[in-house]
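Okay, here's what each chain looks like letter by letter:
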Amino acid sequence: MKSALTQISNCYSKLSYSERLFAEYVLSNRDQMIHMPIAQVSQNLGIASSTILAGIRKLGFEGYREFKIALASELLNPITTWSSPGSAPQSGESNIYQQVVLSNIAALRESLDTMNYKGIRKGASLLLDAEHIYIFGVGTSSVLAREAHDFLFRLGLFSWFHEDLHYQQLIPARMQKQDIALLISQSGVNKDIINIAELLKNHGCRTIGISNYMGTPFGKYMDLLLAPLTMVSQIHDDNFSFRIPILCIIEALYYEISEQMGDHYHSVLKQNQQLVEKNSVSPASPGSSSEISAGSQRIP
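Here is what the cut-offs are and how they apply
- Residues numbered from 1 in each chain as written.
- Predicted model: local features only at pLDDT ≥ 70, side-chain atom pairs only at ≥ 80, totals over all residues.
- Heavy atoms only, no water.
- Helix = DSSP H or I, 4+ residues; strand = E, 2+ residues; numbered from the N terminus.
- Buried < 20%, exposed > 50% of the residue type's maximum accessible area, 1.4 Å probe, protein only.
- Contact = heavy atoms within 4.5 Å.
- Pairing = 2+ DSSP bridges.
- Right-handed = clockwise from strand over helix to strand, strands pointing away.
- Salt bridge = Lys/Arg side-chain N within 4 Å of Asp/Glu carboxyl O.
- Axes fitted to C-alpha atoms, helices over the stretch in contact; angles between N-to-C directions.
- Phe/Tyr/Trp six-rings, centres within 6.5 Å; stacked < 30°, edge-to-face > 60°.
- Lys NZ or Arg CZ within 6 Å of the ring centre and 35° of its normal.
- Nonpolar A, V, L, I, M, F, W, Y, C, P; charged D, E, K, R; others polar.

Caption draft 1: The overall build of the chain, seen in detail. Assigned secondary structure in the chain consists of 14 helices and five strands. Taking all 300 residues of the chain together, 42% fall into the buried category. Counted over contacts in the chain with a minimum sequence separation of 6, partners at least 24 positions apart contribute 71%.

Caption draft 2: Inspection of the pairing of strand S4 (residues 206–211) at higher detail. Counting buried positions along S4 gives five out of six residues, so the element sits mostly inside the fold. Here strand S3 (residues 180–185) pairs with S4 via six bridges, running parallel. Note on S4: the bridge partner recorded for serine 185 is serine 211. Crossover S3 to S4 through helix H11 (residues 191–202) is right-handed.

Caption draft 3: Expanded view of the side chain of glutamate 19. Following the sequence through the fold, glutamate 19 ends up in helix H2 (residues 17–28). Apart from the residues lying within four places of it in its own chain, the contact partners of glutamate 19 are Thr51, Ala54, Gly55 and Lys58.

Caption draft 4: Representation of the pattern of salt bridges. Evaluation of the coordinates by the stated rule reveals two salt bridges. Notably, a salt bridge pairs lysine 58 with glutamate 19, separated by 2.9 Å at the nearest N-O pair. Placement of lysine 58 in helix H5 (residues 49–58) and of glutamate 19 in helix H2 is noted, with a sequence separation of 39 residues between them. Relative accessible area serves as the criterion here: at 42%, lysine 58 is assigned to the partly exposed category. Since its relative accessible area comes to 6%, glutamate 19 is described here as buried. Aspartate 150 is paired through a salt bridge with arginine 154; the nearest N and O atoms lie 3.1 Å apart.

Caption draft 5: Summary view of the sheet that holds strand S5 (residues 224–226). Strand order in the open sheet formed by five strands is S2-S1-S3-S4-S5, with parallel pairing between adjacent strands. Two strands close off the open sheet at either side, each with one partner strand: strand S2 (159–160) and S5. Across the face of the sheet, helix H8 (residues 117–129) comes into contact with strand S1 (133–136), S3, S4 and S5 while running at roughly 125° to S5.

Caption draft 6: Highlighting the packing of aromatic side chains. If you walk through the whole model with that rule in mind, you get six aromatic pairs. Between tyrosine 254 and tyrosine 265 the ring centres are 6.4 Å apart and the planes differ by 80°, which places this aromatic pair in the edge-to-face class. Placement of tyrosine 254 in helix H12 (residues 244–261) and of tyrosine 265 in helix H13 (residues 263–278) is noted, with a sequence separation of eleven residues between them. The class of tyrosine 265 is buried, set by a relative accessible area of 13%. These aromatic residues form a ring-pair network of at least three members: Phe151, Tyr254, Tyr255 and Tyr265. One residue, arginine 20, lies across the ring of tyrosine 12, its end atom 4.9 Å from the ring centre.

Caption draft 7: Region of interest: the packing of H12 against H13. Closest axis-to-axis distance for the H12/H13 pair is 5 Å, and the angle between their directions is 120°. Facing H12, whose interface residues are Tyr254, Ser258 and Met261, H13 presents Asp263, His264, Tyr265 and Val268. Its residues placed into classes, the contact of H12 with H13 shows four nonpolar, two polar and one charged.

Put into structure tokens, the structure is as follows:
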């Protein structure tokens, strides 16, 4: 897929005055552009829709919809690099880190507009009231599932997670009415996690889903879906996608649960802190005898 921002940079000099207005408007309003119909852009700029379409075709796109899809894809994914007219990186200069950061910022900004915090509160309440919390995640999403397990376990909740897919497939038949399933899928289109979601639904299990994207097959099986983004990845292989928005949801659930726990949270937190202190080594001051001794004995 072509990069909308790169095409603007490469073709800017070939655009007419009015078409350049459109190009500059895109660069200045990238986050908002993916949600704007062409009529609104035309009204904001005071130029005809036909002029905008002519500029889009010069950029190598067949129409406005294709242009917006390309723009949204690179805003929500770090793999595409671009530069605005007159500000290209110097030869040999790598700008990958900046693109990764900007991509995640764009995703998180969108999540602030689209994420319904009532869903976070409801999810926290369901997790807190459950007898057992069974967590599911496969592939790269299993890393996030493990993170969710760690957060919930530290709150004193009974959470279970096993990375083996076959173990996860066995659990739906063994869940009880008071239990709840927490499923995590970055892309929302992975067949294995969707099959597990179908098993859970067939067994009448309650489900909470966490994903990057709304409107995916994964979401159809969830009683409650927490998903902040509207555009499915068009660039990454196998829809490998962001972890940061999902991590934010998991962390928000942690703090919302802690609020709902009330005073009990402080006793759990104290237990965690005592364990950490017990298993931590006090840092030695610079030049102390312990530091010198350790260095002289070459302790591995």
